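Here are the chains, one letter per residue:
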Amino acid sequence: MALFKKKCTYCGSKINKGEEIWEEVKIPEFTQICLQPFCSEEHAELFKKNIKGTKRTSYCPRCGM
């Protein structure tokens, strides 16, 4: 029984412990970059691509964050 499973930030599916992929991403509600769990590299890239268009999110062109 797993009480504290992580959920993918992009799709919301539950991820088994040790299988999550951690990425530093900008979340529009916060002012800083946060470490978030994803179920795959593809979902991490899709999240970054979809968030770029949000008004409150600005990425640094030099470092990509």
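Okay, so let's go over this structure. (Residues numbered from 1 in each chain as written. Predicted model: local features only at pLDDT ≥ 70, side-chain atom pairs only at ≥ 80, totals over all residues. Heavy atoms only, no water.)

Broken down by element type, the chain carries one helix and four strands. Ordered by position from N to C terminus, the α and β elements of the chain give β-β-β-β-α. For the chain, buried positions account for 29% of its 65 residues. Long-range pairs, those at least 24 residues apart, make up 37% of the contacts in the chain between residues at least 6 apart in sequence. Here the chain displays about 5100 Å² of accessible surface, and carbon together with sulfur accounts for 51% of that area. (Helix = DSSP H or I, 4+ residues; strand = E, 2+ residues; numbered from the N terminus. Buried < 20%, exposed > 50% of the residue type's maximum accessible area, 1.4 Å probe, protein only. Contact = heavy atoms within 4.5 Å. Areas by Shrake-Rupley, 256 points an atom, 1.4 Å probe, with all protein chains shown as cover.)

With that out of the way, let us pick up the nonpolar core. Generally speaking, nonpolar side chains in soluble globular proteins are found buried as a group. With nine residues, the main nonpolar core is built from C8, I15, V25, I27, C34, F38, A44, F47 and I51. Of all the secondary structure elements, the ones that give two or more residues to this core are β4 (33-38) and α1 (41-51). At three residues, α1 tops the list of elements feeding residues into this core. Beyond its immediate chain neighbours, meaning those up to four positions away, F47 contacts T9, Y10, V25, K26 and F38. (Core = buried A, V, L, I, M, F, W, Y, C linked by side-chain atoms within 4.5 Å.)

With that out of the way, let us pick up α1. Turning to α1, its buried residues number three or more, namely H43, A44, F47, K48 and I51. One side of α1 holds all its buried residues, which, seen down the axis, span an arc of 135°. Seen from the open side of α1, the exposed residues pointing more than 90 degrees away from its buried face are E42 and K49. Those residues of α1 that are buried are in contact with β3 (21-26) and β4. (Arc of directions from axis to C-beta.)

Now for the pattern of salt bridges. Going through the model one piece at a time under the given rule, you end up with one salt bridge. Between E23 and K48 there is a salt bridge, with the nearest N and O atoms lying 3.2 Å from each other. Of this pair, E23 sits in strand β3 while K48 sits in helix α1, placing them 25 residues apart in sequence. Of the two residues, E23 and K48, both sit in the buried class. (Salt bridge = Lys/Arg side-chain N within 4 Å of Asp/Glu carboxyl O.)

By themselves, these figures tell us nothing about what the structure is for.
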